[in-house]
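Residue-level listing of the chains:
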Amino acid sequence: NENICRLDYYVFEKVCQCLRRWMDNGIQPVPIAVNLSRAHVKNPDFLEEFAKTKERYAIPDGMLELELTESIFFDEEQRELGKQGIDKMHAEGFLCSLDDFGVVFSALALLKEFNVDTIKLDRQFFLDIDSEKSRSIIAAFLRLGEKLNIHIVAEGIETKKQLDYLKSVRCNMVQGYIFSKPLPIPDFEKWRKERGE
């Protein structure tokens, strides 16, 4: 019934409210990624409401990232709409990332066709961090990201061994339980303060 689109927008507005409050209270804001369902892409004007809300809360460009999953590009029509959508995102000052990258679709073809800012490597890549093959694939993705000027985020990192390897191959963006489980905003603010950030 596409209520997912309303839910995505609700989350997006809550994120805008949070960023505005931080800026108004002198707290250094951090960029935040918001997941978008592929149902949005069916509507060529889906970004309008998001852009108006970003403007209403006076959120600076580059502070909001819209996160798509690879499944958005399953068919040709959606791929073309997705491509146009990413271009519009950049024009409106949003960043764009691909989530769960590398486990579903022809991932490398996406990098050639779509002008994304960030790819989030799926946790599957890091489950067997002792495997030489896994390490080679991870290192190759990082080199490719550097060449294409695309940020790489390692998702689902839970162990020191995974983190140590990622540091050794200069992966500087890591997400996972090794730092924290997902937190409500007040708990995140406390966690951030305790870390002196």
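So, a few notes on the structure that sits alongside this text. Here the structure is a predicted model, which is why all the values come from computation and not from measurement.

Let's shift gears to the packing of helix H1 (residues 3-24) against helix H7 (residues 185-194). For the pair H1 and H7, the least separation of the axes is 12 Å and the interaxial angle reads 40°. Taken together, the axes of H1 and H7 lie oblique to each other. Crossing hand, H1 versus H7: right-handed. On H7, the residues touching Cys-18, Arg-21 and Trp-22 of H1 are Ile-185, Phe-188, Glu-189 and Arg-192. Here the residues of the contact of H1 with H7 sort into 4 nonpolar, no polar and 3 charged.

A few words on the packing of aromatic side chains. For the coordinates displayed, the defined rule picks out 10 aromatic pairs. Seen from their ring centres, Tyr-9 and Phe-50 are 5.7 Å apart, and the 80° between their planes marks the pair as edge-to-face. Here Tyr-9 is found in helix H1, whereas its partner Phe-50 is found in helix H2 (residues 47-56), with 41 residues between them in sequence. Of the two residues examined, Tyr-9 and Phe-50, each falls in the buried class. The structure contains a cluster of three or more aromatic residues connected by ring pairs, namely Tyr-9, Phe-12, Phe-46, Phe-50 and Phe-94. Above the face of the Phe-94 ring, Lys-54 is positioned so that its terminal group lies 5.7 Å from the ring centre.

All chains considered together, the criterion is met by 11 salt bridges. We note a salt bridge from Lys-52 to Glu-48, for which the minimum N-O separation is 3.8 Å. Here Lys-52 pairs with Glu-48, and both are found in helix H2, just 4 residues apart, close to one helical turn. Note that Lys-160 is salt-bridged to Asp-164, the shortest N-O span being 2.8 Å. Here the residue Lys-160 and the residue Asp-164 both occupy positions in helix H6 (residues 160-168), the gap between them amounting to 4 residues, near one helical turn.

This brings us to the sheet that holds strand E2 (residues 64-69). Ordered by their spatial adjacency, 5 strands build an open sheet running E1-E2-E3-E4-E5, and the pairing between neighbours is parallel. What marks the edges here is a single partner per strand, and that holds for strand E1 (32-35) and strand E5 (151-154). Direction aside, neighbouring strands of the sheet carry axes that sit 30° apart on average. Pairing geometry for strand E4 (residues 118-121) and E5, over 4 bridges, is parallel. Residue pairing across strands places Lys-120 opposite Val-153, the latter belonging to E5.

Let us now look at the nonpolar core. If you look at the biggest cluster of nonpolar residues, it comprises 47 residues, and the most contacted ones within it are Phe-12, Met-89, Phe-94 and Phe-126. Here the element with the most residues in this core is H1; it accounts for 7 residues. If we ignore the near neighbours within four places in the chain, the residues touching Phe-126 are Leu-121, Ile-138, Ala-154, Glu-155, Ile-157, Gln-162 and Leu-166.

Bringing a nonpolar patch on the surface into the picture now. Residues Ile-4, Leu-7, Tyr-10 and Val-11 make up a contiguous nonpolar surface patch of about 360 Å² in total accessible area. With respect to the element layout, Ile-4 can be found in helix H1.

What counts, and at which threshold
Counting restarts for each chain, with residues numbered from 1 along the sequence as it is written. Reporting in this predicted model follows two pLDDT cut-offs: at least 70 for local features of residues, and 80 or more for side-chain atom pairs to be given and counted; totals over whole chains, interfaces and linings ignore these cut-offs and use all residues. With hydrogens and water set aside, each side-chain value is computed from the structure's full complement of heavy atoms. Only the stretch in contact is used when fitting a helix axis, every axis being a line fitted to C-alpha atoms; angles between N-to-C directions are given from 0 to 180 degrees. Numbering of helices and strands runs from the N terminus, with a helix taken as a DSSP run of H or I at least four residues long and a strand as a DSSP run of E at least two residues long. Each angle is binned into one of four classes, with values under 35 degrees roughly parallel, values over 145 roughly antiparallel, values of 65 to 115 roughly perpendicular, and all other values oblique. Handedness of a crossing is defined here by the sense of rotation of the near helix relative to the far one, left-handed for an anticlockwise turn of less than a right angle and right-handed for a clockwise turn. Contacts: residue pairs with any heavy atoms within 4.5 Å of one another. In this count, Pro and Cys sit with the nonpolar residues alongside Ala, Val, Leu, Ile, Met, Phe, Trp and Tyr, while Asp, Glu, Lys and Arg are called charged and the others, Gly among them, polar. Paired rings are identified among Phe, Tyr and Trp, the last through its six-membered ring, by centres lying within 6.5 Å, and are further divided according to the angle between planes into stacked (under 30 degrees), edge-to-face (over 60) and tilted (the rest). Note on classification: 1.4 Å probe, protein chains only; a residue is buried when its accessible area is under 20% of the maximum for its type, exposed when over 50%, partly exposed between these limits. The rule is short: NZ of Lys or CZ of Arg within 6 Å of the ring centre and within 35 degrees of the ring normal puts a charge over the ring. Salt-bridge detection follows one rule: a side-chain nitrogen of Lys or Arg within 4 Å of a carboxyl oxygen of Asp or Glu. If DSSP finds at least two bridges between two strands, the strands pair. By nonpolar core is meant a set of buried Ala, Val, Leu, Ile, Met, Phe, Trp, Tyr and Cys residues that side-chain atoms within 4.5 Å join together. Nonpolar side chains (Val, Leu, Ile, Met, Phe, Trp, Tyr) within 5 Å and like charges within 9 Å form the patches, drawn only from residues with over 30% relative accessible area and no salt bridge. Working definition of accessibility: Shrake-Rupley area with a 1.4 Å probe, residue cover restricted to the visible protein chains.

Any functional reading would require information that these geometric values do not contain.
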